[in-house]
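One-letter residues, chain by chain:
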Amino acid sequence: MCLAIPIRVEEVLPDDMARVTLGGVSKLVSTALVENVRRGDYLLIHVGFALARLNPDEAARTLAMMHEAAVPGLPAMAEAAP
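Read on for an overview of the structure. (Residues numbered from 1 in each chain as written. Predicted model: local features only at pLDDT ≥ 70, side-chain atom pairs only at ≥ 80, totals over all residues. Heavy atoms only, no water.)

This paragraph deals with the overall build of the protein chain. Along the backbone of the protein chain there are two helices and five strands. The buried share of the protein chain, taken over its 82 residues, is 33%. Summarising the internal contacts of the protein chain: among those between residues at least 6 apart in sequence, 38% fall at separations of at least 24. Per element, the accessible surface of the protein chain, about 5200 Å² overall, is 57% carbon and sulfur. (Helix = DSSP H or I, 4+ residues; strand = E, 2+ residues; numbered from the N terminus. Buried < 20%, exposed > 50% of the residue type's maximum accessible area, 1.4 Å probe, protein only. Contact = heavy atoms within 4.5 Å. Areas by Shrake-Rupley, 256 points an atom, 1.4 Å probe, with all protein chains shown as cover.)

The following block contains the structure:
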């Protein structure tokens, strides 16, 4: 089974890359599969690749459900965004 996680873009980088942060962990991911990625976008990330853009409400609902299910290390939405 695979799990994709919604994560907020902190910085858009050259070469279809972006820096994302969740739960205090920052990671570089490829944005080659999603057009026009901007800082503040929520992306669905799986194994280092952004698969789709989510609206903030959908990202909040998904993170809240994952937090409720006690997925370790995933903060509630209020903790995920500055």
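After that view of the structure, there is still more to cover.
Moving on, we get to the side chain of Thr62. Mapping Thr62 onto the fold places it in helix α1 (residues 56–68). Thr62 gets classed as buried once you look at its relative accessible area, which sits at 17%. A distance of 2.9 Å separates a polar side-chain atom of Thr62 from the backbone oxygen of Glu58. (Polar contact = N/O pair within 3.5 Å; in protein donor to acceptor, adjacent residues only side chain to side chain.)

What follows concerns the pairing of strand β5 (residues 49–54). Of the strand pairs in this sheet, strand β4 (residues 42–46) and β5 are connected by five bridges, and their pairing is antiparallel. Directly across from Leu43, in β5, lies its bridge partner Arg53. Where β4 hands over to β5, the hairpin turn is made up of two residues, of which Val47 adopts a positive phi near 40°. (Pairing = 2+ DSSP bridges.)

Here we come to the nonpolar core. Ile7, Val9, Ala18, Val20, Leu22, Val29, Val34, Val37, Leu43, Ile45, Ala50 and Leu63 together form the largest nonpolar core, which totals 12 residues. With three residues, strand β2 (residues 17–22) is the largest single contributor of residues to this core. (Core = buried A, V, L, I, M, F, W, Y, C linked by side-chain atoms within 4.5 Å.)

Honestly, it's all geometry; don't read function into it.
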